[in-house]
There are 6 protein chains.
Amino acid sequence: MSDWLPSLQTATPQEGFELAILLARKGVGYTQPSEDVRKKLRPVYEENADSLTLASQVIATHFQTVAAANNYWK
Amino acid sequence: MSDWLPSLQTATPQEGFELAILLARKGVGYTQPSEDVRKKLRPVYEENADSLTLASQVIATHFQTVAAANNYWK
Amino acid sequence: MSDWLPSLQTATPQEGFELAILLARKGVGYTQPSEDVRKKLRPVYEENADSLTLASQVIATHFQTVAAANNYWK
Amino acid sequence: MSDWLPSLQTATPQEGFELAILLARKGVGYTQPSEDVRKKLRPVYEENADSLTLASQVIATHFQTVAAANNYWK
Amino acid sequence: MSDWLPSLQTATPQEGFELAILLARKGVGYTQPSEDVRKKLRPVYEENADSLTLASQVIATHFQTVAAANNYWK
Amino acid sequence: MSDWLPSLQTATPQEGFELAILLARKGVGYTQPSEDVRKKLRPVYEENADSLTLASQVIATHFQTVAAANNYWK
């Protein structure tokens, strides 16, 4: 994997949220390295309410980490 | 995405809870950007007890973050 | 929504646990605002072991937040 | 409900773990107040591996709270 | 139950991880005290990918607690 | 098990993320020690969207721990 995570610091909460999304997707990417397979799966979870909620839960856990890392952008 | 998350600070715990709901929904929105698809899915999870509980779990995780960010509104 | 969450402070751990239950239920309430639908769903999850455990998990996450907010009632 | 949670303080980590179990069960108890229904459900989750793991997850979240409340019994 | 959890302190992170596994299993053990039933269930979750991931999630939550208890073995 | 976890300290957030992945996999490895069985299960979860999201959730919980252990690499 290239150097994709140099820091947890972000300028704004929104950037922090978008970093949390990247972290959530990287967790999937490291587990299933094939982009083709991931693309094939997208329509499965994109149109499933519980799958989308589970994805949002992973983002929430990472956002908790990133927010603490940035002292909540106070 | 527009500038939707300028800060985690809220005046009251209730506003903090409502921000947590926004964060939970944005996690779904970034994962499934199509509002039409999301609208189509609403009746599926809105009438399913476990789906509603999963949604409440995501809100709980975000509320934990927002509450810490606001020093629990002490 | 009315002003239902003025503070996270409670006098005792038990009141804190009961506030966590309120928070968990409000997460469902904001997601499914119709009380009729929620009433219709009650028998579904009330008699399902895993649904009850999932509900207890949401309460546990909120209780973690409320306990920290009250410095663990030390 | 009677006064069942006067404090989060316990003398030992094991007592803290057993308090976490009580909290997890109370989350179910407040959601399904009928002891008869809860007894009826016991054989369902007691003999299901994933149900037991979900129950252990709720205990883990509460134990995290109780451990922090007791400064990890240092 | 015997005195199985005298302390959360461990000499190394690996011992801390193994304590987290013990805690996760004790959560199941307190919920299903019968070793025979637990043995009967082992082949069910041992050969199911999602069951193994759920078990790993419980360990992750307990490891978070044990790591904090040991100030991350700094 | 060999000495696989001497420390939680890592030089960069990315190394911390990769340590979180190792921790998540070790949680599965301790629960199902047979590498043959784990290999047999790989195609099952590798091609299932929700299984991949659950795996990403375990990584997110461990990353939260590792990030705190490294004071967020500030």
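The structure displayed is predicted, hence computed values, not measured ones. (Residues numbered from 1 in each chain as written. Chains lettered and ligands numbered in written order. Predicted model: local features only at pLDDT ≥ 70, side-chain atom pairs only at ≥ 80, totals over all residues. Heavy atoms only, no water.)

Colleague: Report on the overall build of chain A, specifying residues and quantitative values.
Modeller: Across its full length, chain A holds three helices and zero strands. For chain A, the C-alpha atoms occupy an extent of roughly 40 × 30 × 15 Å along the three principal directions. Within the span of chain A, comprising 74 residues, buried residues form 62% of the whole. The contacts in chain A between residues at least 6 apart in sequence include a share of 62% that link residues at least 24 apart. Surface exposure of chain A reaches about 3100 Å², of which carbon and sulfur atoms provide 52%. If you average the places of the 7 positive and of the 8 negative side-chain charges in chain A, the two averages end up 3 Å apart. (Helix = DSSP H or I, 4+ residues; strand = E, 2+ residues; numbered from the N terminus. Buried < 20%, exposed > 50% of the residue type's maximum accessible area, 1.4 Å probe, protein only. Contact = heavy atoms within 4.5 Å. Areas by Shrake-Rupley, 256 points an atom, 1.4 Å probe, with all protein chains shown as cover. Lys, Arg positive; Asp, Glu negative; His and termini not counted. Charge placed at Lys NZ, Arg CZ, Asp CG, Glu CD.)

Colleague: Would you mind going over the relation of the copies chain B and chain C in detail, with residue names and values included?
Modeller: Least-squares fitting of chain B to chain C yields an RMSD of 0.0 Å, with the superposition described by an axial translation of 0.0 Å and a rotation of 60°. In short, the pair behaves as if placed about a six-fold rotation axis. Of the C-alpha atoms belonging to chain B, the one lying closest to the rotation axis is found on Thr61(B), 6.8 Å away. A different interface surface on each copy is seen, since only 19% of the contact residues of chain B are contact residues in chain C too. (Least-squares fit on C-alpha atoms with pLDDT ≥ 70 in both.)

Colleague: Explain the arrangement of the chains to me, and be specific about the residues and the numbers.
Modeller: Between chain C and chain E there is no contact; the minimum C-alpha to C-alpha separation amounts to 12 Å. Without any contact between them, chain D and chain F keep their closest C-alpha atoms 12 Å apart.

Colleague: Explain the relation of the copies chain A and chain F to me, and be specific about the residues and the numbers.
Modeller: Between chain A and chain F, the superposition needs a rotation of 60° and an axial shift of 0.0 Å, giving an RMSD of 0.0 Å. When the interface residues of chain A are mapped onto chain F, a mere 15% of them again lie at the interface, so each copy presents a different face.

Colleague: Account for the environment of Asp3(D), with residues named and values stated.
Modeller: All names here are of chain D. Within the secondary structure, Asp 3 sits in the segment before α1 (13–31). Under the relative-accessibility criterion, Asp 3 is labelled exposed at 62%. Measuring from C-alpha to C-alpha, the distance between Asp 3 and Glu 15 comes to 18 Å, with 12 residues separating the pair along the chain.

Colleague: Any details on the interface of chain B and chain C? Residues and values, ideally.
Modeller: Accessible area lost during the coming together of the parts is what is often quoted as the interface size. Across the contact, 27 residues belong to chain B and 33 residues belong to chain C. Surface buried jointly by chain B and chain C totals about 2600 Å² across both partners, of which 62% is contributed by carbon and sulfur atoms. For chain B, the biggest contributors to the area lost against chain C are Gln14(B), Phe17(B) and Tyr72(B); these three give 22% of the whole. Across the chain B-chain C interface, the total number found is one salt bridge. The salt bridge involving Glu47(B) is made with Lys40(C); its shortest N-O contact spans 2.7 Å. In this assembly, chain B and chain C are joined by 14 residue pairs in polar contact (both at pLDDT 80 or more). Of all the secondary-structure elements, those providing two or more residues to the side of chain B that touches chain C are α1 (13–31), α2 (35–46) and α3 (49–69) of chain B. By residue number, the principal contributor to the side of chain B that touches chain C is α3(B), which donates 13 residues. Taken together, the residues of the side of chain B that touches chain C sort by class into 13 nonpolar, seven polar and seven charged. (Buried area = accessible area lost by both parts, 1.4 Å probe. Salt bridge = Lys/Arg side-chain N within 4 Å of Asp/Glu carboxyl O. Polar contact = N/O pair within 3.5 Å; in protein donor to acceptor, adjacent residues only side chain to side chain. Nonpolar A, V, L, I, M, F, W, Y, C, P; charged D, E, K, R; others polar.)

Colleague: Which residues make up unusual backbone geometry, and what values do they have?
Modeller: Notably, Tyr72(C) is not glycine yet its phi reads approximately 60°, a positive angle. Its place among the elements puts Tyr72(C) in the segment after α3 (49–69).

Colleague: Please set out the packing of aromatic side chains residue by residue, giving values where relevant.
Modeller: Applying the stated rule across the entire model yields 30 aromatic pairs over all chains. Considering the side-chain rings of Phe17(C) and Phe63(C), the 5.4 Å spacing of their centres and the 65° angle between planes classify their relative orientation as edge-to-face. Here the residue Phe17(C) occupies a position in helix α1 (residues 13–31), and Phe63(C) occupies one in helix α3, the gap between them amounting to 46 residues. For the pair Phe17(C) and Phe63(C), one class covers both residues: buried. A centroid spacing of 5.1 Å and a plane angle of 90° characterise the contact between Phe17(D) and Trp4(E), whose relative ring orientation is edge-to-face. (Phe/Tyr/Trp six-rings, centres within 6.5 Å; stacked < 30°, edge-to-face > 60°.)

Colleague: I'd like a rundown of the pattern of salt bridges, residues and numbers included.
Modeller: Where charged atoms of side chains with opposite charge meet at close range, the side chains can pair. Residue and element names in this part refer to chain C. Evaluated as defined, the whole model comprises 18 salt bridges over all chains. Note that Glu 46 is salt-bridged to Arg 42, the shortest N-O span being 2.7 Å. With Glu 46 and Arg 42 both in helix α2 (residues 35–46) and four residues apart, this pair spans about one turn of that helix.

Colleague: Let's hear about the interface of chain A and chain F: which residues, and what values?
Modeller: Facing the 33 residues of chain A at the interface are 27 residues of chain F. Interface of chain A and chain F: buried area, both sides summed, is about 2600 Å²; carbon and sulfur atoms make up 62% of it. Broken down residue by residue, the surface that chain A buries against chain F is led by Tyr30(A), Thr31(A) and Thr65(A), which jointly contribute 22%. Applying the counting rule to chain A against chain F returns one salt bridge. Our enumeration of links across chain A and chain F arrives at 14 residue pairs in polar contact (both at pLDDT 80 or more).

Colleague: How would you summarise the packing of helix α1 (residues 13–31) of chain E against helix α1 (residues 13–31) of chain F if you had to cite specific residues and measurements?
Modeller: Two elements in contact, α1(E) and α1(F), have axes whose closest approach is 11 Å; the angle formed by their N-to-C orientations is 55°. Compared by their axis directions, α1(E) and α1(F) come out oblique. Considering how the two elements wind past one another, α1(E) and α1(F) form a crossing that is right-handed. Residues Gln14(E), Phe17(E), Glu18(E), Ile21(E) and Arg25(E) of α1(E) pack against Leu23(F), Lys26(F), Gly27(F), Tyr30(F) and Thr31(F) of α1(F). Among the residues forming the contact of α1(E) with α1(F), the class breakdown is four nonpolar, three polar and three charged. (Axes fitted to C-alpha atoms, helices over the stretch in contact; angles between N-to-C directions. Parallel < 35°, antiparallel > 145°, perpendicular 65-115°, else oblique. Left-handed = near helix turned anticlockwise from the far one by under 90°.)

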